[in-house]
Amino acid sequence: MAEKTGAVLGEVLAERQRQDAKWGQQDHDPSTWLMVLAEEVGEANQAVFETLFPTYDKRAAQHGPRTLAEYRQELIQVAAVAVAAIESLDRQDQLPG
Ligand SMILES: [Mg+2]
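The sections below set out a description of the structure shown in this document. (Residues numbered from 1 in each chain as written. Predicted model: local features only at pLDDT ≥ 70, side-chain atom pairs only at ≥ 80, totals over all residues. Heavy atoms only, no water.)

Side note on the overall build of the protein
Here's step 1: If you tally the helices and strands in the protein, you get four helices and zero strands.
Here's step 2: Going from N to C terminus, the protein has its helices and strands arranged as α-α-α-α.
Here's step 3: For the protein, whose C-alpha radius of gyration is 16 Å, the value lies well above the compact-globule estimate of 13 Å for 97 residues.
Here's step 4: Summarising its shape, the C-alpha atoms of the protein cover approximately 50 × 35 × 25 Å along the three principal directions.
Here's step 5: Relative to its full complement of 97 residues, the protein shows a buried share of 22%.
Here's step 6: Considering only contacts in the protein between residues 6 or more positions apart, those separated by 24 or more positions represent 72%.
Here's step 7: In the form shown here, the protein has an accessible surface area of approximately 6900 Å², with 62% of it arising from carbon and sulfur atoms. (Helix = DSSP H or I, 4+ residues; strand = E, 2+ residues; numbered from the N terminus. Rg over C-alpha atoms; globule rule 2.2 N^0.38 Å. Buried < 20%, exposed > 50% of the residue type's maximum accessible area, 1.4 Å probe, protein only. Contact = heavy atoms within 4.5 Å. Areas by Shrake-Rupley, 256 points an atom, 1.4 Å probe, with all protein chains shown as cover.)

Printed below as a string of C-alpha cells:
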C-alpha cells in the first residue's frame, strides 16, 4: 500500500511542479483557494460524468470519448491544488496559535 501511495504522491508532486512552472508561486486568500479547488473538483466531476454518460459530452465529436484516465488526472490536479493551498497558508503564517 505504501508503495502505491508513494507513486500517487509522486504524481501529485509532479503536478505541483507543473503548476508552479505555469503560474509561479500563488498566494491567494483561503476563499480564492477554495474557488480554485472547487473548479478542479468540477473538472473531475465533468470527466467522470462524461465518461459514464457520453451522450451528454458536447465535445465528444472533437476529442473522442472521455476516459477514467482523464478523471484520474483531474483527481491528481485536485490533490495538487489542495497541497498548493496548504503551502500558501503556511507561507502566510495565518494559523492561530
Ligand atoms: Mg483540472
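A short note on the packing of helix α1 (residues 2-23) against helix α4 (residues 68-92)
Here's step 1: In the contact formed by α1 and α4, the axes pass within 8 Å of each other and the chain directions differ by 70 degrees. Comparing the axis directions of α1 and α4 gives the class roughly perpendicular. Crossing of α1 over α4 shows right-handed handedness. Within the contact between the two elements, α1 uses Val8, Glu11, Val12, Glu15, Arg16, Arg18 and Gln19 and α4 uses Arg72, Gln73, Ile76, Gln77, Ala79, Ala80, Val81, Val83, Ala84 and Glu87.
Here's step 2: Of the residues belonging to the contact of α1 with α4, the class tally is eight nonpolar, three polar and six charged. (Axes fitted to C-alpha atoms, helices over the stretch in contact; angles between N-to-C directions. Parallel < 35°, antiparallel > 145°, perpendicular 65-115°, else oblique. Left-handed = near helix turned anticlockwise from the far one by under 90°. Nonpolar A, V, L, I, M, F, W, Y, C, P; charged D, E, K, R; others polar.)

Things to note about the packing of helix α2 (residues 30-52) against α4
Here's step 1: Two numbers describe how α2 lies on α4: the axes approach to 8 Å, and their chain directions differ by 170 degrees. Overall, the two elements α2 and α4 adopt an arrangement that is roughly antiparallel. Counted together, Trp33, Val36, Leu37, Glu40, Val41, Glu43, Ala44, Ala47, Val48 and Thr51 of α2 and Leu68, Glu70, Tyr71, Glu74, Leu75, Gln77, Val78, Val81, Ala82, Ala84, Ala85 and Ser88 of α4 form the full contact between these two elements.
Here's step 2: By residue class, the composition of the contact of α2 with α4 is 15 nonpolar, three polar and four charged.

Some words on α1
What sets the pattern is the α-helix's 3.6 residues per turn: residues three or four places apart point alike.
Here's step 1: Taking 1.5 Å per residue as the helical rise, α1 with its 22 residues ought to reach 32 Å, and the 31 Å between its terminal C-alpha atoms agrees with that figure.
Here's step 2: Among all positions in α1, only Val12, Glu15, Arg16 and Gln19 are buried. The arc that holds the buried residues of α1, viewed along the axis, is 105 degrees, so those residues lie on one side. Facing away from the buried side of α1, by more than 90 degrees, are the exposed residues Glu3, Gln17 and Ala21.
Here's step 3: Among the structural elements, α4 are those in contact with the buried residues of α1.
Here's step 4: Immediately downstream of α1, the backbone of Gly24 shows phi near 75 degrees, a positive value. (Expected span 1.5 Å × (residues − 1). Arc of directions from axis to C-beta.)

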